[in-house]
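Coordinates in review
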Amino acid sequence: MTTARMTGIIDGPIMPTLARLTVPVLVVIAAQTFVSILEAYWVSRLGTAAIAGVAVVLPLFILMGTMSNGGIGGGVSSAVSRALGAGRRDDANALLTHAVVIALAFGMLFAVTAFAAGPRLYAGIGAEGASLTYALTFSAWVFGGAPLIWVVNLMAAAMRGAGEVRLPAKVSLAGAVILVPLSPLLILGAGPVPGLGLAGAGIATLLYYGAAFGVYCRYLVGGRGVLVLRRTRLERHGFAAIMQVGGISAIGTLLTSLTAVGLTGVVGKAGPDALAGYGIASRIDSLLVPLMFGLGSGVVTMVAAASGAGHDERAGQVIRLAAGIAFAVTTLLGLTLAFAPDAWITLFTDEPAPLAWGRDYLQVNGPFYGFAGAGLIFYFAAQGRGQMRAAFLAALMRLLITAGGAYAIVTAGFDLAAAFWAVAAGSIVFAIVNGIGLARTFRQTGS
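Residues numbered from 1 in each chain as written. Predicted model: local features only at pLDDT ≥ 70, side-chain atom pairs only at ≥ 80, totals over all residues. Heavy atoms only, no water.

1. A short note on the nonpolar core
Among the nonpolar cores identified, the biggest contains 113 residues, and Ile-72, Val-80, Phe-110, Phe-143 and Trp-150 are the most heavily contacted of them. Element by element, the count of residues in this core is highest for helix α3 (residues 48-85), at 16 residues. Sequence-distant contacts of Trp-150, defined by excluding residues within four places in its chain, comprise Met-64, Met-67, Ser-68, Ile-72, Ala-103, Phe-106, Gly-107 and Phe-110. If you look at the next biggest cluster of nonpolar residues, it comprises 28 residues, including Tyr-278, Ile-345, Leu-362 and Ala-406. (Core = buried A, V, L, I, M, F, W, Y, C linked by side-chain atoms within 4.5 Å. Buried < 20%, exposed > 50% of the residue type's maximum accessible area, 1.4 Å probe, protein only. Helix = DSSP H or I, 4+ residues; strand = E, 2+ residues; numbered from the N terminus. Contact = heavy atoms within 4.5 Å.)

And the structure:
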């Protein structure tokens, strides 16, 4: 039986429905971004070594976030939306339980990987001395709670797939209100509370996820919404329904993270100042992903529900509208940063060398942010369609062009600033390949 909420998603007016699904998620992203920027500011008070230490951990931490939210999480949202769109509510509830099991497995994998391979990884991409010490401290705390983070993110993904987006928004807003004073208190200390440095940043993050887990469990176990978390028999087809989209999406997010790691490694060869400047400037890149995730989560839900109900024409209309919005918004943001890079970079440092490197990155890459934005919407739409092969190819090509191209440019003797053009080229190819692959999924169904 199709729920009234899902009927509105399938048949309601596109723009208001997309806005209803997107705006609460954007509120979540805005709250998390605000906290992230403030946290980066407080970390910058610890010095350049601390900034560089966080910069080398961020690629792996961002990988975990994008894989749990937009990778495996996208598979969860797509599977739940398809089941509800086809009127299979019991199957949707079973998918929620399977998602929790998957979350625990991936969370443990990330925790073990960070503790076992983290020191060599962080050193390999440029951290040394004090910056490596900072990196290991921050990594130990945030990845120590990886299973908790994964469970919370996949629970939220399942709720998004069911069209329930308000509760995660409320939880994130409440968390932001608490973290704004808590993060600086734990990082720098005040009065009788000692400053814990980067350990304080990690502890604050885990306190938020612990509280969110409690709220989500109470909501889902209590049966207050569309989905109910309950004991169910674990079956192969339940995992397959999630992983046939989520698995390829996870590999795609891994390739995206490898792109960031590879580029960070190239930049790290130029020294700590270049690494710090790039880390500050490229933080905008990491913020673009959650920004587009806000819109993309609504796209996944609407496209998956429409596809599950056999309404391919509506799915195509949703994709065209969302991609146009994404391209316009991210192009405007990128051009603004390209013309006024200091407005962003000086929030975190006023040291001349890091400032110059960050300025170079934004002036080269900013004008092409629109392609990255549209490409991400095409990626999320492919999740909703359940067709991820072209998205995987697009991510692989971006890795080769961005990281491989930057390495080749620097190796050939050109200045590091020239290597930043490889980032722009990778974004353009990412959007084109994703768009072509998505169009083919419609031609295959005769739409």
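2. Section: the packing of helix α9 (residues 236-268) against helix α10 (residues 272-281)
Axis separation between α9 and α10 bottoms out at 8 Å; the angle between their running directions is 145°. Contact residues: α9 offers Ala-260, Leu-263, Thr-264, Val-267 and Gly-268, while α10 offers Ala-274, Leu-275 and Tyr-278. In the contact of α9 with α10, the residues fall into six nonpolar, two polar and no charged. (Axes fitted to C-alpha atoms, helices over the stretch in contact; angles between N-to-C directions. Nonpolar A, V, L, I, M, F, W, Y, C, P; charged D, E, K, R; others polar.)

3. Side note on the side chain of Ser-172
Assignment of secondary structure puts Ser-172 in helix α7 (residues 166-188). A relative accessible area of 4% means that Ser-172 is categorised as buried. Sequence-distant contacts of Ser-172, that is, excluding residues within four places in its chain, are made with Val-28, Ala-31, Gln-32 and Tyr-208.

4. Some remarks on α10
Along α10, eight of the ten residues are buried, which leaves the element largely enclosed by surrounding structure. Buried within α10 we find Ala-274, Leu-275, Ala-276, Gly-277, Tyr-278, Gly-279, Ile-280 and Ala-281.

5. Some thoughts on the environment of Leu-333
Locating Leu-333 in the fold gives a position in helix α12 (residues 312-339). Classification of Leu-333 as partly exposed rests on a relative accessible area of 30%.

6. Concerning the packing of aromatic side chains
Evaluation of the coordinates by the stated rule reveals ten aromatic pairs. Between Tyr-361 and Phe-420, the ring centres sit 5.0 Å apart and the planes meet at 85°, which makes this aromatic pair edge-to-face. One end of the pair, Tyr-361, is in helix α14 (residues 352-365); the other, Phe-420, is in the loop between α17 (416-419) and α18 (421-444), and 59 residues separate them in sequence. We note that Tyr-361, like Phe-420, is buried. Residues Tyr-379 and Phe-380 carry aromatic rings whose centres are separated by 5.4 Å and whose planes lie at 70° to one another, so their mutual orientation is edge-to-face. The burial state of Tyr-379 is the same as that of Phe-380; both residues are buried. Feature note: the residues Phe-61, Phe-138 and Phe-143 constitute an aromatic cluster, connected by ring pairs. Directly above the aromatic system of Phe-442 lies the positively charged group of Arg-385, at a separation of 4.0 Å from the ring centroid. The cationic tip of Arg-398 hangs over the ring face of Phe-430; the distance from NZ or CZ to the ring centre is 3.8 Å. (Phe/Tyr/Trp six-rings, centres within 6.5 Å; stacked < 30°, edge-to-face > 60°. Lys NZ or Arg CZ within 6 Å of the ring centre and 35° of its normal.)

7. Overview of the pattern of salt bridges
The full count for this structure, using the stated rule, is four salt bridges. Notably, a salt bridge pairs Arg-88 with Asp-91, separated by 3.0 Å at the nearest N-O pair. What makes Arg-88 partly exposed here is its relative accessible area of 38%. On the basis of relative accessible area, Asp-91 is assigned to the partly exposed category, the value being 34%. (Salt bridge = Lys/Arg side-chain N within 4 Å of Asp/Glu carboxyl O.)

8. What to know about the environment of Pro-24
Mapped onto the elements of the fold, Pro-24 is located in helix α2 (residues 14-44). Residue class for Pro-24 comes out buried when judged on its relative accessible area of 15%. Each C-alpha atom of the pair Pro-24 and Glu-164 lies 9.6 Å from the other, and the pair is 140 residues apart in sequence. If near-sequence neighbours (up to four positions away) are discounted, Pro-24 is found in contact with Ala-19, Val-165, Arg-166 and Ala-169.

9. Overview of the packing of α3 against helix α6 (residues 146-161)
Where α3 meets α6, the closest approach of the two axes is 7 Å, and the angle between their N-to-C directions is 35°. For α3 against α6, the interelement crossing comes out right-handed. Contacts between α3 and α6 involve Phe-61, Met-64, Met-67, Ser-68, Asn-69, Ile-72, Gly-73, Val-76, Ser-77, Val-80, Ser-81 and Leu-84 from the first element and Ala-146, Ile-149, Trp-150, Asn-153, Leu-154, Ala-157, Ala-158, Arg-160 and Gly-161 from the second. Classifying every residue of the contact of α3 with α6 gives 13 nonpolar, seven polar and one charged. (Left-handed = near helix turned anticlockwise from the far one by under 90°.)

10. Considering helix α16 (residues 389-411)
The terminal C-alpha atoms of α16, which comprises 23 residues, lie 32 Å apart, in line with the 33 Å expected from a rise of 1.5 Å per residue. Of all the bends found along α16, the most pronounced is centred on Gly-405 and spans about 25°. Those residues of α16 that sit buried are Ala-391, Ala-394, Ala-395, Arg-398, Leu-399, Thr-402, Ala-403, Gly-405 and Ala-406. The secondary structure elements touched by the buried residues of α16 are α9, α15 (369-385), α17 and α18. Phi for Gly-413, located one or two positions after α16, is positive at around 100°. (Expected span 1.5 Å × (residues − 1). Bend = angle between axes of the 7 residues up to and from the residue.)

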